[in-house]
Amino acid sequence: MGRIVTIVGTRPEIIKMAPVVKALDRLEHEHVLVHSGQHYDLVMDRIFFRDMQLREPDHRFELKEQPPYLQVATTMRDVAEVAGNSDLVIVHGDTNTTLAGALLANKLGRPLAHVEAGIRSFDKTMPEEMNRIVADQLSRILFAPTELSKANLARENVTRGVHVVGNSVIDALTQNVAVAEERSDVLERLELTPRRYLLLTFHRAENVDDKARLAAALDAFASVGSETGLPIIFPIHPRTVKALRAHSLERRASDIQSLRRIEPTGYLDLLVLEKNAALVLTDSGGLQEECCFFRVPCVTLRENTERPETLDIGANVLAGTDPPRVTKAARSQLDAKKDWPNPYGDGTTGTRIATIVNEFLG
Ligand code: UD1
Ligand code: UDP
């Protein structure tokens, strides 16, 4: 029997690893689930364990309010003992938790598997891009979501141990949409009519940490709101709450009539909000992917994306944060034909990963 150690720590890791964790739990190997503590508020963390009926982590650590270098260093120190005698360490995505887990596996001499390997924005100023590159270079097993991500890895001379398995975002969606529609009353609670509102999420460091960029984005939201005449529902990430305060932009945000700021929502509420939106405006990675599945058009408030598959099929356009550009993109995406195919697989990524892990452990 082998020993698998899976490390998660943030909202998207919990959501996208939930189906993978459940599939790994069904193997006849010991499977230890570790939470770094990078995200810690109820609505950024525990709510997803509840919504997705995911078991509690075997180990949960504290990282509250730490700067990035300490998130990485502390996680490496905290998780070292648990991961020390593992036969495989598994990390997901591109966060500081991912980087810490990858470096730790390397320093302990344990094999590493990376879920969502090979996606690239080709923008090395993003912390996420460097985290992905390092994790991929250190991995023995690489679970690439698409052929395009496999090709990105080949360009970096990573060709061994690469498996194209789709993206577990689709597993999470297929396993939870029906439950969400049955249980969530978010539309009634917020008094929303399907297709008569826009959904906005906005939290990237490069967008909110810079005052001028955040201010431009607020103008863009105001412009899209008045152009479409629709309310913009904005479940607001704690990083953005802090940035609005730090840049003294809270008043400017609350002056935008169409902008309805709400707490971050649980997964089931978010799925219902997303599925019924006329349009999604976002800088999130996960929402770009989910929009493909729901056939809801997306406008990405960034200059690049590591999800070019979403652009190729017309589900998504890049618009940055410049108000006229965002408004134009929103208008054209609202009119777009919404018949694209989903490029991220059929919702069997978790079981495919578990099969490959089982073969690896022998
Ligand atoms: C991290 C990831 C990002 C991902 C995002 C998902 C890195 C480098 N970035 O960014 O790729 O898109 O998670 O949401 O890892 N905070 C709270 N409560 C929480 C969580 C965070 O108040 O539950 C605060 C932190 O204290 C910090 C800020 O939000 O002040 C940013 O959190 P952090 O985890 O450092 O990065 P994210 O912006 O969440
Ligand atoms: N999400 C959620 N509630 C929210 C905002 C997002 O459940 O208020 C979910 C969303 O459905 C997606 C994931 O969180 O599955 C995306 O996480 P985030 O945008 O924080 O990270 P990223 O994908 O950009 O790394």
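Residues numbered from 1 in each chain as written. Chains lettered and ligands numbered in written order. Predicted model: local features only at pLDDT ≥ 70, side-chain atom pairs only at ≥ 80, totals over all residues. Heavy atoms only, no water.

1. Some remarks on unusual backbone geometry
Phase 1 of the analysis: Its identity is not glycine, yet Glu 116 carries a phi of approximately 75°, on the positive side.
Phase 2 of the analysis: Its location among the elements puts Glu 116 in the loop between β5 (112–115) and α5 (127–138).
Phase 3 of the analysis: Phi is positive for Glu 191, close to 55°, though the residue is something other than glycine.
Phase 4 of the analysis: Looking at the element boundaries, Glu 191 is found in the loop between α8 (186–189) and β8 (198–201). (Helix = DSSP H or I, 4+ residues; strand = E, 2+ residues; numbered from the N terminus.)

2. With respect to the site of ligand 1
Phase 1 of the analysis: His 39, Tyr 40, Asp 41, Glu 128 and Arg 239 are the nearest of the 18 residues found near ligand 1.
Phase 2 of the analysis: At a separation of 2.6 Å, an oxygen atom of ligand 1 approaches a polar side-chain atom of Glu 128.
Phase 3 of the analysis: When the free accessible area of ligand 1 is taken as 750 Å², the share hidden by the protein chains comes to 89%.
Phase 4 of the analysis: Split by residue class, the shell around ligand 1 holds four nonpolar, seven polar and seven charged. (Near = heavy atom within 4 Å. Polar contact = N/O pair within 3.5 Å; in protein donor to acceptor, adjacent residues only side chain to side chain. Areas by Shrake-Rupley, 256 points an atom, 1.4 Å probe, with all protein chains shown as cover. Nonpolar A, V, L, I, M, F, W, Y, C, P; charged D, E, K, R; others polar.)

3. Thoughts on the sheet that holds strand β10 (residues 259–262)
Pairing between the strands of a sheet is mediated by backbone hydrogen bonds and can be parallel or antiparallel.
Phase 1 of the analysis: Reading across the sheet, the six strands line up as β10-β9-β8-β11-β12-β13 and stay open at both edges, with parallel pairing between neighbours. Both edges of this open sheet fall to β10 and β13 (316–318), since each of them pairs with a single strand only. Pairs of neighbouring strands in the sheet enclose a mean axial angle of 20°, with direction left out of account.
Phase 2 of the analysis: Note: β8 against strand β9 (residues 232–235), two bridges, orientation parallel. When the bridges of β9 are listed, Leu 199 appears paired with Ile 233. (Pairing = 2+ DSSP bridges. Axes fitted to C-alpha atoms, helices over the stretch in contact; angles between N-to-C directions.)

4. Looking at helix α7 (residues 168–183)
The α-helix winds at 3.6 residues per turn, so residues separated by three or four positions along the chain end up facing the same way.
Phase 1 of the analysis: Its 16 residues give α7 an end-to-end C-alpha distance of 22 Å, which sits within 8% of 22 Å, the value for a rise of 1.5 Å per residue.
Phase 2 of the analysis: Along α7, the sharpest change in direction is near 45° and occurs at Asn 176.
Phase 3 of the analysis: Burial in α7 covers these residues: Ser 168, Val 169, Ile 170, Asp 171, Ala 172, Leu 173, Asn 176, Val 177 and Ala 180.
Phase 4 of the analysis: Summarising the contacts, the buried residues of α7 are in contact with α1 (11–25), α2 (46–51), α13 (267–275), α14 (285–294) and α17 (349–361). (Expected span 1.5 Å × (residues − 1). Bend = angle between axes of the 7 residues up to and from the residue. Buried < 20%, exposed > 50% of the residue type's maximum accessible area, 1.4 Å probe, protein only. Contact = heavy atoms within 4.5 Å.)

Honestly, it's all geometry; don't read function into it.
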